[in-house]
There are 2 protein chains.
Amino acid sequence: MNNEMLIRITRYYRALNKLRTIGLEKVFAHNLADAAGVSAAIVRKDFSQLNIYGQKRGGYDIVELSDVIGKILGKGEPENVIVVGCGRIGMALMHYSGFENDGINILAGFDNNPGVVSSNSSLIPILPISKLDEFALQNKISAAIITVPEAAAQDTYSHILECNIKGVLNFSPVTLKPMPTADGKLPVVHNINIGLELEQLFYEIKFPKEQSPNS
Amino acid sequence: MNNEMLIRITRYYRALNKLRTIGLEKVFAHNLADAAGVSAAIVRKDFSQLNIYGQKRGGYDIVELSDVIGKILGKGEPENVIVVGCGRIGMALMHYSGFENDGINILAGFDNNPGVVSSNSSLIPILPISKLDEFALQNKISAAIITVPEAAAQDTYSHILECNIKGVLNFSPVTLKPMPTADGKLPVVHNINIGLELEQLFYEIKFPKEQSPNS
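An account of the accompanying structure is given in this report.

### Remarks on unusual backbone geometry
Positive phi, close to 60°, is recorded for N51(A), a residue that is not glycine. You can see N51(A) is positioned in the loop between α3 (40-49) and β2 (60-61). Despite not being glycine, N164(B) shows a phi value in the positive range, around 65°.

This is how it looks when you write it as structure tokens:
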């Protein structure tokens, strides 16, 4: 499955779970299309590629469909993640309660500033960086969010990989590259560079692409 | 220029400006490759597509190259943007000083909570939402960052488009779709959905793709 399809499937899954919560039983391709920002034809094409078929004119059974897609996405127990760097962005993520709906728990934050560690007002513990290795091992942490300042990003990244963490969501403006860990495998690295996103936005405002209703 | 190339070119441009700041004069394709997280061959290919050529064995002149790429990216005066929704994420963005290096100024924040508006401790003004139209018009704002709660996202988006704003960076978990404005044009919409990013990260950790050093 390519990245774009994965994003769509994840969006269908999220929409299904919301519909399930409010007690709906059936869903149509165009409902999921609206939720994912694509056309109904794309939803049907994705489902046919995944061998998912609805009842003729009856739509899809929400519980059934959500279970099938959940299995495809490897959903099961909630996933645990840690936040390294408890500045404003890190703290905002730790206080955001919306990840729980996506099956994701932020278990702890880490910071090397003793003031931040002791003044913690969030429900999630903030620990000194020196506890990172032990915590990650004990809690079998497989993913970390990096929200440290630019200058600390590369060292933090190396440190995290030494803790057997396999995935990184990086908010620092440094582009981190996957680099082989001790076991020779490459970690998964996603970089979210907000400055770069803004620059691209202004570029596209200035030089509009051929207009198409889906982006 | 496709999206991926635009991201690379923007990364080269940022790296060039940093090198320029520290007084370097020449740069080689492999330096830019490191900064952008790609191979030197890709840098050379991008440059040849843009008709940019270095001196044989001498590398590229940093000032010249940065000017050429700046022109391609439409760089000039700093770009102004506003933040709508001054919760934790919105405030974190307003306090982040790194965007200035990218030629981007956050001019103001907007919130419908009078407490947030009056308790403002940031250097950037926070105004009530009722001032949005007037402010956007007076300051010729072309882009906005949406950091309102999920339930308010769609209404905020419609409101912003009525203010003749042409680009939106959306942090709310709702997928906003480009929809035609009064002049019949489609705005540019970038959705940054952190929960979705985390879900994808866990998916890729569970189901590793064929390993490649660049992602």
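That covers the picture; the talk isn't over yet.
### A word on the pattern of salt bridges
Here the structure, examined in full by the defined rule, presents 14 salt bridges over all chains. Note that E199(B) and K75(A) form a salt bridge whose closest N and O atoms lie 2.5 Å from each other. Of the two residues, E199(B) is situated in helix α9 (residues 194-206) and K75(A) in the loop between α4 (62-72) and β3 (79-84); the pairing between them involves two chains. Each of R14(A), K75(A) and E199(B) takes part in a single network of salt bridges with overlapping partners.

### A word on the interface of chain B and chain A
Contacts between the two partners involve 69 residues from chain B and, on the opposite side, 69 residues from chain A. Contact between chain B and chain A buries roughly 6300 Å² in total, counting both sides, with carbon and sulfur atoms accounting for 63%. Contact with chain A buries area across many residues of chain B, yet E199(B), F202(B) and Y203(B) alone supply 10% of it, more than any other trio. Counting every contact that joins chain B to chain A gives ten salt bridges. Where R14(A) meets E199(B), a salt bridge forms, and the shortest distance between an N and an O atom there is 2.5 Å. Inspection of the chain B/chain A interface yields 20 residue pairs in polar contact (both at pLDDT 80 or more).

### Focus: the relation of the copies chain B and chain A
Taken as rigid bodies, chain B and chain A are interconverted by a rotation of 180° and an axial shift of 0.0 Å, the fit giving an RMSD of 0.0 Å. Considering both components of the superposition, the chain copies are consistent with a two-fold axis. Closest to the rotation axis within chain B is the C-alpha of I89(B), separated from it by 3.2 Å. Counting the interface residues of chain B, we find that 100% of their copies in chain A are interface residues as well, pointing to one common contact surface.

### Structural notes on the sheet that holds strand β5 (residues 126-128) of chain B
Residue and element names in this part refer to chain B. Ordered in space as β5-β4-β3-β6-β7-β8, the six strands form an open sheet in which the pairing is parallel. Of all the strands in the sheet, the pair left with one neighbour each is β5 and β8 (188-191). Adjacent strand axes in the sheet meet at a mean angle of 25° when their direction is disregarded. Pairing analysis gives four bridges linking strand β7 (residues 167-170) to β8, with the strands arranged parallel. Bridged to G167 within β8 is V188. Lying on the sheet, helix α8 (residues 153-162) is in contact with β3 (79-84), β6 (143-146), β7 and β8; it crosses β6 at an angle near 170°.

### Examining the pairing of β3(A)
Residues and elements named next belong to chain A. Among the six residues in β3, five count as buried, and that is most of the element. The pairing of β3 with strand β4 (residues 104-111) spans six bridges and is classified as parallel. Along β4, the bridge assignment pairs I82 with A108. Handedness of the crossover is the feature at issue here: the chain leaves β3, passes through helix α5 (residues 88-95), returns alongside β4, and the resulting connection is right-handed. Where β3 and strand β6 (residues 143-146) come together, four bridges link them in parallel fashion. Residue pairing for β6: V84 is matched across the bridge by I146.

### Points about the packing of helix α1 (residues 3-21) of chain A against α9(B)
Interhelical geometry of α1(A) versus α9(B) gives an angle of 115° and a closest axis separation of 10 Å. Viewed along their axes, α1(A) and α9(B) form a crossing whose handedness is right-handed. Of the residues in α9(B), those touching α1(A) at N3(A), L6(A), I7(A), T10(A), R11(A), Y13(A) and R14(A) are G195(B), L196(B), E199(B), Q200(B), Y203(B) and E204(B). Here the contact of α1(A) with α9(B) is composed, by residue class, of five nonpolar, four polar and four charged.

Procedures and definitions
- Residues numbered from 1 in each chain as written.
- Chains lettered and ligands numbered in written order.
- Predicted model: local features only at pLDDT ≥ 70, side-chain atom pairs only at ≥ 80, totals over all residues.
- Heavy atoms only, no water.
- Helix = DSSP H or I, 4+ residues; strand = E, 2+ residues; numbered from the N terminus.
- Salt bridge = Lys/Arg side-chain N within 4 Å of Asp/Glu carboxyl O.
- Contact = heavy atoms within 4.5 Å.
- Buried area = accessible area lost by both parts, 1.4 Å probe.
- Polar contact = N/O pair within 3.5 Å; in protein donor to acceptor, adjacent residues only side chain to side chain.
- Least-squares fit on C-alpha atoms with pLDDT ≥ 70 in both.
- Pairing = 2+ DSSP bridges.
- Axes fitted to C-alpha atoms, helices over the stretch in contact; angles between N-to-C directions.
- Buried < 20%, exposed > 50% of the residue type's maximum accessible area, 1.4 Å probe, protein only.
- Right-handed = clockwise from strand over helix to strand, strands pointing away.
- Left-handed = near helix turned anticlockwise from the far one by under 90°.
- Nonpolar A, V, L, I, M, F, W, Y, C, P; charged D, E, K, R; others polar.

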